[in-house]
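For reference, the chains in residue letters:
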Amino acid sequence: MVTLSGAHTIGNSHCTSFTDRLYNFSGTNSPDPSLDPKYAASLRKSCPSTGPNLEVPMEARTPTISDVNYYKDILAHRGLFSSDQALLTNPATAREVKSNAMSSSGWKKKFAAAMVKMGQIEVLTGKTGEIRANCRVVNS
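What counts as what
Residues numbered from 1 in each chain as written. Predicted model: local features only at pLDDT ≥ 70, side-chain atom pairs only at ≥ 80, totals over all residues. Heavy atoms only, no water. UniProt positions renumbered as here; feature names shortened; annotations may be inferred. Helix = DSSP H or I, 4+ residues; strand = E, 2+ residues; numbered from the N terminus. Disulfide = S-S within 2.5 Å. Buried < 20%, exposed > 50% of the residue type's maximum accessible area, 1.4 Å probe, protein only.

Per an unreviewed UniProt entry, the protein goes by the name peroxidase and belongs to Salix viminalis. Its UniProt record gives the protein a comment under Function (unreviewed entry), which states: "Removal of H(2)O(2), oxidation of toxic reductants, biosynthesis and degradation of lignin, suberization, auxin catabolism, response to environmental stresses such as wounding, pathogen attack and oxidative stress. These functions might be dependent on each isozyme/isoform in each plant tissue." As stated in UniProt under Catalytic activity (unreviewed entry), the record for the protein gives "2 a phenolic donor + H2O2 = 2 a phenolic radical donor + 2 H2O".

Put into structure tokens, the structure is as follows:
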């Protein structure tokens, strides 16, 4: 999972996916203390607490390049999502984050293998599965 999380190195996210980390983390009316304060301030400029649902790059330095900057950002407490930053809370996943940050070629090989493996998962169809109208909600 740590390897596949590296897909967050490219693409954008809607601010609503993480603004709780910037303004009201766990109901504290404060930012997530695990976020680098300068990074949090930068995100607050791009993502006001109210207003339009804007987007920001998931990894700001090289947002259109698949690289290990995602992992370097996590180590610097600049993970955009709580799930990204949580990778440092377990010694085993933290080791993987550090390993991936240090080896671009190693991460790319692991990522390619993980994508192939994930592609071999059989899709559930008919009464055993569903295609969700909204990825976050089970169809009713």
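Continuing now.
Moving on, we get to the UniProt feature "domain: Plant heme peroxidase family profile" (unreviewed entry) in the protein. UniProt feature "domain: Plant heme peroxidase family profile" (unreviewed entry): in the numbering of this structure it lies at residues 1-139. Helix makes up 42% of residues 1-139 and strand 4%. Its end C-alpha atoms lie 25 Å apart.

What follows concerns the state of the cysteines. As used here, a disulfide is simply a covalent bond connecting the sulfur atoms of two cysteines. Applying the stated rule across the entire model yields 1 disulfide. Each sulfur in the disulfide pair C15 and C47 lies 2.0 Å from the other. Its torsion about the S-S bond being -60°, the disulfide of C15 and C47 is classed as left-handed. Remark: C47 occurs in the loop between α3 (37-46) and β2 (55-57) and C15 occurs in the loop between β1 (12-14) and α2 (19-23); sequence separation between them is 32 residues. Judged by relative accessible area, C15 falls into the buried class, the value being 4%. Free cysteine: C135, not disulfide-bonded; nearest cysteine sulfur from C15 at 19 Å.

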